[in-house]
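# Understanding the architecture of this molecule
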Amino acid sequence: MTKQLIVAVVGATGAVGSKLMEKLIERKFPIKHIKFLASARSAGKAIEFNGQTYTIEEATPESFEGVNIALFSAGGSVSEKLAPEAAKRGAIVIDNTSHFRMDPEVPLVVPEVNRHVLKNIPKGIIANPNCSTIQMVAALQPIREKFGLTKVVVSTYQAVSGSGVAAIDELREQSTQWEAGKNVEANVLPVKSDAKHYPIARNVIPQIDKFTNNGFTYEEMKMINETKKIMEAPELSVAATCVRVPVVSGHSESVYIELEQEATVQDIFATLQDAPGIVLQDDITQQVYPMPLFAENEEPIFVGRIRQDLDNKKGFHLWIVADNLLKGAALNSIQIAEAMLEDNLL
Ligand code: NAP
Ligand code: 3JN
């Protein structure tokens, strides 16, 4: 019989938290008891889960007494403070924030790529990668296994839901303001805590997260560093440009790769056809290719527009789309927990 677990969802009222709840129900995760945690602002409010009403509690160290698995998506500072408290009390933490991702003692996991690292969890904390990283590495790993991979250059087209509930609301409000001929107000994007904000309705913003001191943003550096860690490939050349677009859900990526060995488009097709979690949508004769509107609420990672580079036989171009809140966050977290259950690690 499957073990029944005591589960805590931290950040339950957020964009990722609500998808975590949906997926726990849909995938029939074995739950003995569940609690929903958020900030003091939400404590005492009601939240619906699987036909029952629960009361949201403020997340504190004591919230994790007796918890087997704690799913965190309440921001890096909350994870920094409370994930070790949860782990200290015996919970396995699956953390959606970037706080622990590059810690060498914290496995950074996309189950289709590196579930073997789940055998060693020294701090009781597992990190869920950044959404843009997850969909890219899951699509590239099968290709890498067959043909080797030396270089990745990615440009992203990221939905506003990656920036939380406030950004989704802002895109809606700005669209309404524009339709009504009113002034468009911008208060959230590209980064809420920055001094300057730009409208996202009718716009494209080439900044996600703050700038680092090398000219790349933190979002771009996350893609670069996390890809190398997950693929255990420090020598892999990776460059990223991350861009916010006026789409509610679904991140899209234009990815150029260079392989170690020569391959054909048919080879790449055949490889991805059998790859776990990947759905090929590639038939230009019928205008079939992945689009974020149709990836919304879908679990797979969709790949299309596969082309061989015209100047380099080892170079290929791909278009990769996935629901950023599902495979990019909530679904991947739950698949990590499911993999641990399957492998008797929980
Ligand atoms: P969101 O919609 O703004 O929700 C934030 C959640 O965090 C809310 O539930 C909020 O509760 C809770 N929270 C805020 N301060 C808290 C505190 N002091 N203690 C406990 N809970 C607190 O944001 P989101 O889009 O869901 O993202 C949440 C986090 O998930 C992000 O900061 C990021 O680290 C991570 N994330 C990861 C990915 C990924 O790529 N894997 C994608 C998106 C987000 P209240 O309602 O009470 O304020
Ligand atoms: O903007 C996106 O599309 C993805 C954003 C993810 C995100 C948002 C706020 C804080 C992260 C993340 O997961 O990398 C973080 C963070 O924890 O650093």
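Check the entry above for the structure.
Now for a description of the structure that goes with this document. (Residues numbered from 1 in each chain as written. Chains lettered and ligands numbered in written order. Predicted model: local features only at pLDDT ≥ 70, side-chain atom pairs only at ≥ 80, totals over all residues. Heavy atoms only, no water.)

### Details of the pattern of salt bridges
The full count for this structure, using the stated rule, is 18 salt bridges. Its salt-bridge partner being lysine 23, residue glutamate 26 comes within 2.7 Å of it at the nearest N-O pair. Residue glutamate 26 and its partner lysine 23 are located together in helix α1 (residues 15–26), separated by three residues, close to a single helical turn. Of the residues examined, lysine 23 reaches a relative accessible area of 2% and is grouped as buried. A salt bridge links lysine 123 to aspartate 103, with the shortest nitrogen-to-oxygen separation between them at 2.5 Å. In this pair, lysine 123 is assigned in the loop between α3 (111–114) and β8 (125–127) and aspartate 103 in the loop between β7 (92–95) and α3, connecting sequence segments 20 residues apart. (Salt bridge = Lys/Arg side-chain N within 4 Å of Asp/Glu carboxyl O. Helix = DSSP H or I, 4+ residues; strand = E, 2+ residues; numbered from the N terminus. Buried < 20%, exposed > 50% of the residue type's maximum accessible area, 1.4 Å probe, protein only.)

### Details of the site of ligand 1
Neighbouring ligand 1 are 26 residues, the closest being Thr13, Ser39, Arg41, Ser42 and Cys131. Taking serine 42, its side chain carries an N or O atom lying 2.5 Å from an oxygen atom of ligand 1. When isolated, ligand 1 has an accessible area of 910 Å², and the protein chains bury 75% of it. When the residues that make up the shell around ligand 1 are grouped by side-chain class, the tally is 10 nonpolar, 14 polar and two charged. (Near = heavy atom within 4 Å. Polar contact = N/O pair within 3.5 Å; in protein donor to acceptor, adjacent residues only side chain to side chain. Areas by Shrake-Rupley, 256 points an atom, 1.4 Å probe, with all protein chains shown as cover. Nonpolar A, V, L, I, M, F, W, Y, C, P; charged D, E, K, R; others polar.)

### Considering the site of ligand 2
The environment of ligand 2 is formed by 13 residues, the closest being Ser98, Arg101, Gln158, Lys222 and Arg244. Within the contact set of ligand 2, an oxygen atom lies 2.8 Å away from a side-chain nitrogen or oxygen of glutamine 158. Here an oxygen atom of ligand 2 sits 2.7 Å away from a polar atom, N or O, in the side chain of arginine 244. In isolation ligand 2 has 430 Å² of accessible area, and contact with the protein removes 74% of it. Looking at the shell around ligand 2 residue by residue, the class counts come to two nonpolar, seven polar and four charged.

### Focus on the sheet that holds strand β12 (residues 278–280)
Read from one edge of the open sheet, six strands run β10-β9-β11-β14-β13-β12, paired in mixed fashion. Of all strands in the sheet, those with a lone pairing partner are β10 (237–244) and β12, marking the two edges. Recorded for the sheet is a direction-independent mean angle of 25° between the axes of neighbouring strands. Where β12 meets strand β13 (residues 301–308), three bridges bridge the pair, whose relative direction is parallel. Pairing of valine 279 across the sheet is with phenylalanine 302, part of β13. (Pairing = 2+ DSSP bridges. Axes fitted to C-alpha atoms, helices over the stretch in contact; angles between N-to-C directions.)

### Some thoughts on the sheet that holds strand β1 (residues 5–10)
Spatially, six strands are ordered β5-β2-β1-β6-β7-β8 in an open sheet, and the strand pairing comes out parallel. A strand with exactly one partner marks an edge of an open sheet, and here the two such strands are β5 (57–58) and β8. One ladder, built from four bridges, connects β1 with strand β6 (residues 69–72); its direction is parallel. The residue of β6 that forms the bridge with valine 10 is phenylalanine 72. The strands touched by α1 within the sheet are β1, β2 (31–38) and β6, with β1 carrying the most contacts at an inclination of about 155°. Across the sheet, helix α2 (residues 76–88) lies against β1, β6, β7 and β8, angled at about 175° from β6, the strand it touches most. (Contact = heavy atoms within 4.5 Å.)

### Brief notes about the packing of α1 against helix α9 (residues 326–342)
The contact between α1 and α9 brings their axes to 9 Å, and the two run at 50°. Taken together, the axes of α1 and α9 are oblique relative to one another. Crossing geometry of α1 relative to α9 is assigned as right-handed. Of the residues in α9, those touching α1 at Val16, Lys19, Leu20, Lys23 and Leu24 are Leu326, Ala329, Ala330, Leu331, Ser333 and Ile334. When the residues that make up the contact of α1 with α9 are grouped by side-chain class, the tally is eight nonpolar, one polar and two charged. (Parallel < 35°, antiparallel > 145°, perpendicular 65-115°, else oblique. Left-handed = near helix turned anticlockwise from the far one by under 90°.)

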